[in-house]
Amino acid sequence: MEFAIHEINNRTDLLPGITLGFQIHDSCSEVLMAVKVAFQFANGVEPFFNDTDSCSKSAAAAVPALVGESASTPSMSMTRMLGLFGIPQVIVTFKIPFLSILYTELQVSHFATCASKLVKHFGWTWIGAVRSDTDYGNNGMASFLKAAQEEGICVEYSESYYRTQPRSKLERVANVIRTSTARVIVAFLHSWDMLFLWQELLRKPLPPLQWIGSEGWIIQSDIKRCIGCGGVIGFSIPGSVIPGLREFLLDLSPAQALKSPLLTEFWESSFSCSLKGSSGGARKCNGSEDIRALQNTYTDTSQPRESNLVYKATYAIAHAIHGVICNDTQCDKSAKFTPWQILDQLKRVNFTTRNGYQVSFDANGDPVAAYELINWQVNKDGYLNFVSVGHYDSSRPRGQELSLNGVIIWVGGQTQVPRSVCSESCPPGTRKAVQKGKPVCCFDCIPCAEGEISNKTDSLNCMPCPPEFWPNTQQDICLPKPVEFLSWDDTLSIILTVFSIAGAIVAVSVAAVFYKHRASPIVRANNSELSFLLLFSLTLCFLCSLTFIGQPSDWSCMLRHTAFGITFVLCISCVLGKTIVVLMAFRATLPGSNAMKWFGPPQQRLSVLTFTLIQVLICTLWLAISPPLPFKNLKQYKERIILECALGSAIGFWAVLGYIGFLALLCFILAFLARKLPDNFNEAKFITFSMLIFCAVWVTFIPAYVSSPGKFTVAVEIFAILASSFGLFISIFAPKCFIIMFRPEQNTKKHLMGKATSKSL
């Protein structure tokens with residue numbers, strides 16, 4: 001402060017012709033002393049008085065402004081007094097809620113915000129907090145706890161202590177720290193409170209701790225003891241060299257030291273001598289003492305952090321006075337002004353110091369908050385270095401206030417960021433479930449439910465996958481569900497295709513044999529034309545099963561059901577025609593019967609055509625009203641999609657099957673009635689047997705079709721088509737082929753017309 005005033009008094013652009021004076025009082029960091037000094041500043045009474053002149057006003061006038069105390073609690077005590085008189089105090093600590101106070105260090109709220117952002121940056125969600133039981137500690141901790149809550153940080157404990165409290169309180173606080181699970185502690189502590197706490201902590205084994213605090217206790221505490229308590233990151237005021245300060249300090253002489261009680265004390269303690277003669281065993285200072293040879297905090301001006309605050313505060317008051325009594329060219333030495341005018345002008349100052357600091361205040365007395373992050377690092381020689389590892393600047397855009405630019409040495413000399421969490425992070429695929437009765441930072445990790453995922457760490461909820469997606473094994477991503485259908489390369493499809501093509505080839509081969517032996521009695525018997533039509537329809541039945549294989553499409557879905565329905569009706573119609581022919585043929589042998597006249601070849605063709613056209617009509621209506629189309633079945637299986645042909649109209653589907661069933665049942669009844677007619681080759685017996693097979697296949701098909709899963713539903717339908725087709729083919733044509741190929745002697749009209757003994761099936 002003396003250096004700043006010395007500079008100001010020698011400047012011609014600031015308060016030209018005006019000489020500033022000053023008074024320095026020592027509050028001894030005590031509230032009572034600070035209040036006494038505040039009274040002296042307010043009313044101009046000298047520090048000492050006698051009985052004859054007690055409390056009478058001296059010639060000294062009330063001061064217009066103060067550079068305040070560096071401790072918070074005494075500063076607040078002075079504020080409450082000085083605020084009544086409107087005397088501004090530019091303090092070097094934190095924000096005090098009086099309009100008459102302006103300050104040049106960071107507000108405690110800014111420190112709290114910065115500390116919470118630093119804790120958040122390193123992923124610490126479970127911390128401890130200790131504070132001095134003072135205005136600084138309590139207000140600072142209240143601000144920090146609010147900022148920490150906004151950042152999602154949980155505080156395991158918040159303890160307070162003041163050095164005058166009983167030792168039992170100190171032991172209790174130390175015990176809480178030792179037994180806690182938090183490994184990071186944010187401290188709003190005065191240096192002496194911090195020192196006492198660390199001394200108590202070191203009495204017993206201590207877990208590795210990381211401390212976050214302000215510069216005051218970092219610089220002033222017992223460093224050797226502090227190192228044993230863990231790693232430290234502190235928030236400090238940015239410091240830079242003040243030009244000319246070191247030279248000013250080193251020019252101190254014994255004569256100058258005598259002018260100030262503080263300097264006298266400094267000189268005598270530094271050189272172990274007395275300026276006022278030998279006293280208490282100390283030698284008298286003889287002038288050979290060289291202050292330049294001292295190596296202490298007084299002569300170290302490389303990073304004068306607190307000195308910078310005082311330097312800026314002194315210049316701020318000078319600029320405020322200049323704004324009140326000076327104009328552009330000169331100052332009015334006789335001008336009268338009040339502290340209120342200085343206060344108002346202080347809010348408007350805006351200047352840059354010689355070492356590059358911008359100084360200004362807003363209407364609330366707030367400067368721009370700027371911190372330097374200091375990390376304690378022990379070098380190879382065992383000495384402690386205070387290394388700048390980052391900055392905090394409240395004037396920067398939101399979210400960019402904090403920047404780190406150095407290697408941080410953590411507790412134990414580690415470079416890896418320590419962990420301090422109540423519960424480890426929940427990995428993707430799980431969600432957080434808060435433990436009952438504990439803070440939100442203490443939680444269990446619950447796996448996501450079936451069909452749900454979480455794709456980030458510490459998810460509060462799991463998200464369901466879209467309908468056509470399903471989680472992977474880790475449940476951290478939704479993958480497209482595999483689409484399942486009876487594809488051509490499926491083993492089951494290959495087997496069914498082989499049987500289908502084989503059936504068609506055999507049917508065509510039999511047709512060729514029949515054509516070659518078309519003049520033979522066994523082929524001509526019972527209408528050879530219907531036999532060839534039946535072989536043709538059976539070939540189509542075998543081949544229509546192929547339309548059920550492959551990826552369903554609009555055309556394949558419509559084709560497979562209609563082709564199946566029409567070809568089977570054509571097949572059953574032919575069998576029904578052959579059955580009626582058998583009945584009519586034997587009835588025609590009765591005397592006076594002309595049955596064959598009414599059911600000759602034209603009527604047989606017409607009956608087959610009529611029966612088939614009815615099915616064609618049913619299929620046409622089905623396709624016109626609600627045709628079968630491809631459908632993604634998402635309900636049958638959760639983890640995969642069944643691509644199938646939806647029936648469209650269930651009535652249409654069951655009408656097609658019902659009509660086939662009706663014709664098959666009619667054919668069975670007629671064939672059953674003709675089974676005992678006398679003949680060596682009664683075809684009705686084979687038709688009855690084929691209809692039994694056909695009906696048995698389709699009766700068992702219905703429950704199998706309904707209960708079969710996925711692509712096997714289609715396979716069951718194909719199997720039913722092939723089984724019933726092979727049943728018809730083998731029952732009706734195998735006996736005839738056997739006679740043609742292996743019993744040609746039986747392929748005669750005489751043998752076929754011979755009477756056979758009636759036997760039951």
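Source: prediction; values computed, not measured.

Caption draft 1: Molecular detail of the overall build of the chain. If you tally the helices and strands in the chain, you get 24 helices and 24 strands. For the chain, the proportion of its 761 residues judged to be buried stands at 47%. Sequence-distant contacts in the chain: of pairs separated by 6 or more residues, those separated by 24 or more amount to 63%. Of the roughly 37,900 Å² of accessible surface on the chain, a fraction of 59% belongs to carbon and sulfur atoms.

Caption draft 2: Local environment of the environment of Ile325. Within the element layout of this structure, Ile325 appears in helix α13 (residues 305-325). Residue classification places Ile325 among the buried positions, given a relative accessible area of 11%. Separated by 12 residues in the primary sequence, Ile325 and Phe337 have C-alpha atoms spaced 8.0 Å apart. Setting aside residues up to four positions removed in sequence, Ile325 forms contacts with Leu15, Ile18, Gln330, Cys331, Asp332, Ala335 and Phe337.

Caption draft 3: Broad picture of the UniProt feature "transmembrane region" (unreviewed entry) in the chain. Look at the UniProt record and you will see "transmembrane region" (unreviewed entry) annotated at residues 492-515, 530-550, 562-586, 606-625, 651-674, 686-706 and 718-742. Taken as a whole, residues 492-515 contains 100% helix and 0% strand, while its terminal C-alpha atoms sit 35 Å from one another. Between the C-alpha atoms that bound residues 718-742 the distance is 33 Å, and the span itself is 100% helix and 0% strand.

Caption draft 4: Structural detail: the confidence of the model for the chain. Averaged over all residues, the pLDDT of the chain is 81; the fraction at 70 or higher stands at 86%. Low pLDDT, under 50, characterises residues 48-61; the predicted model gives this stretch eight contacts beyond four residues in sequence or across chains. Below a pLDDT of 50 lies the segment residues 218-225, which in the model reaches 18 contacts outside its immediate sequence neighbourhood of four places, other chains included.

Caption draft 5: Just the side chain of Glu717, in detail. Tracing the backbone shows Glu717 in helix α23 (residues 712-742). Here Glu717 occupies a buried position and makes no salt bridge, while the nearest side chain of opposite charge, Arg560, is found at 6.1 Å. Excluding anything up to four places from it in sequence, Glu717 contacts Phe548, His561, Phe653, Phe701 and Tyr705.

Thresholds, definitions, all that
- Residues numbered from 1 in each chain as written.
- Predicted model: local features only at pLDDT ≥ 70, side-chain atom pairs only at ≥ 80, totals over all residues.
- Heavy atoms only, no water.
- Helix = DSSP H or I, 4+ residues; strand = E, 2+ residues; numbered from the N terminus.
- Buried < 20%, exposed > 50% of the residue type's maximum accessible area, 1.4 Å probe, protein only.
- Contact = heavy atoms within 4.5 Å.
- Areas by Shrake-Rupley, 256 points an atom, 1.4 Å probe, with all protein chains shown as cover.
- UniProt positions renumbered as here; feature names shortened; annotations may be inferred.
- pLDDT = per-residue confidence, 0-100.
- Lys, Arg positive; Asp, Glu negative; His and termini not counted.
- Salt bridge = Lys/Arg side-chain N within 4 Å of Asp/Glu carboxyl O.

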